[in-house]
Amino acid sequence: MKSKDFFRLIVNPFTRIAGWQALVLGLVFLVVSGIIGGFGNVVFDGVIDSHLVKQVTMLQSFSYIAISLLTLVLVMWMAGLFIAKGFRFIDILGTMTLSKAPFLLMAIVGYFAKMPDMNEVMKNPMVVFNSMSMVVLMILSIPVLVWSITLMYNALKISSGASGGKLTTVFIIAILASEAISKLMIYFLM
Amino acid sequence: MLPTNCPSCQAQLKVKCLKCENCQTEVSGSYDLPLLALLPESDQQFILRFVINSGSLKEMASELKLSYPTVRNMLNDIINKIKTDEK
């Protein structure tokens, strides 16, 4: 495979895979992320969030993932209905699930990262830069976020068949709304 | 591939003459090109495969090794092109 084709597949696998296939593959990534996150105290507490916490149970780890995924899927589905018609819910469900796959990288790196003492961080925030794994985690979070949002955009584009400025505008509103709703749901339910 | 646009000014071409290879009779006039002939070759191939696959987008997706919504979007693009050409 040429590097250009490989890059295309990385940022938009949905031209090749969608629906049930994408859902199953996406769930595999999420389950592995949830297990590693549970052991490594990394939580995915939002549609585009991941944080290192002091302690998290396996149930909490999967609950955070379930809430953020359901919120993302439902908001994107409604966004799709607003800009297009005649698309399948399973395509939105599958592609959006797979678009969260990059967060597995955060779970893996977070597993090896050591959470600095919060009292020390409050006294001197620069203390977080003493830990190499924390620095790697912070640096990695930016490309992972960009990659995941790109995947979500392409997921909505391919699944709904919409394009142009309307798609971009609705996507930006939808991603912000889903992030806010998922945060509120986690705040009230957890 | 049948030319559909004028190489000089890009205006849509018309059929001026048709010839019978059997008796050499020529029919002259000014006929519109069929709607499907106005589509790019790739779109014509897509329609051909679509008909051969009994109009099944799932079969098309499997044959082209593309996802179902991608194939559906390709079909929607062709439908839009045909609608534009019809006007």
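Keep in mind that this is a model prediction, so the values were computed, not measured.

Asks: Hey, could you run me through the overall build of chain B in this one?
Replies: Along chain B, the regular secondary structure elements total 3 helices and 2 strands. Projected onto its principal axes, the C-alpha positions of chain B cover 45 × 35 × 20 Å. For chain B, the residues scored as buried account for 14% of the 87 residues in total. Relative to all contacts within chain B whose residues are 6 or more apart in sequence, the contacts with residues 24 or more apart total 30%.

Asks: Looking at this model, I keep getting lost on the nonpolar core. Mind explaining?
Replies: Nonpolar side chains in soluble globular proteins generally cluster together in the buried interior. All names here are of chain A. One finds Leu72, Val73, Met76, Ala79, Met96, Ala155 and Ala174 to be the most contacted residues of the largest nonpolar core, which totals 48 residues. Per-element accounting of this core gives the leading share, 10 residues, to helix 3 (residues 58–83). Each residue touching Ala79, except ones within four places of it in the same chain, is listed here: Leu156, Val170, Phe171 and Ala174.

Asks: How do you make sense of the environment of Thr15 of chain A when you look at a structure like this?
Replies: Within the element layout of this structure, Thr15 of chain A appears in the loop between helix 1 (3–11) and helix 2 (19–40). Taking the C-alpha atoms as reference points, Thr15 of chain A and Lys4 of chain A, 11 residues apart in sequence, are found 15 Å from one another. Ignoring any residue separated from it by four or fewer positions in sequence, one finds Thr15 of chain A in contact with Ile158 of chain A together with Leu66, Ser67 and Thr70 of chain B.

Asks: Before we go on, may I ask you to explain the UniProt feature "domain: DUF2089" (unreviewed entry) in chain B in this structure?
Replies: As recorded in UniProt, the sites labelled "domain: DUF2089" (unreviewed entry) are residues 6–34 and 39–83 of chain B. A distance of 11 Å separates the end C-alpha atoms of residues 39–83 of chain B, which is 80% helix and 0% strand.

Asks: So what exactly am I meant to see when it comes to the interface of chain A and chain B here?
Replies: Listed as interface residues are 11 residues of chain A and, on the opposing side, 9 residues of chain B. Its residues assigned to classes, the side of chain A that touches chain B shows 5 nonpolar, 4 polar and 2 charged.

Asks: So what exactly am I meant to see when it comes to unusual backbone geometry here?
Replies: Residues and elements named next belong to chain B. Phi is positive for Gln24, close to 70°, though the residue is something other than glycine. The topology assignment puts Gln24 in the loop between strand 1 (15–19) and strand 2 (26–31). Assessed through the 7 C-beta atoms surrounding it within 10 Å, Gln24 is described here as exposed. Of note in this structure, Ser54 is not a glycine but carries a positive phi near 60°. The residue Ser54 is located in the loop between helix 1 (41–52) and helix 2 (57–64) in this model. Under the C-beta neighbour-count criterion, Ser54 is labelled exposed, with 8 such atoms within 10 Å.

The rules behind the values
Residues numbered from 1 in each chain as written. Chains lettered and ligands numbered in written order. Predicted model: local features only at pLDDT ≥ 70, side-chain atom pairs only at ≥ 80, totals over all residues. Helix = DSSP H or I, 4+ residues; strand = E, 2+ residues; numbered from the N terminus. Buried ≥ 20, exposed ≤ 12 C-beta atoms within 10 Å, placed from the backbone. Contact = placed C-beta atoms within 7 Å. Core = buried A, V, L, I, M, F, W, Y, C linked by C-beta atoms within 7 Å. UniProt positions renumbered as here; feature names shortened; annotations may be inferred. Nonpolar A, V, L, I, M, F, W, Y, C, P; charged D, E, K, R; others polar.

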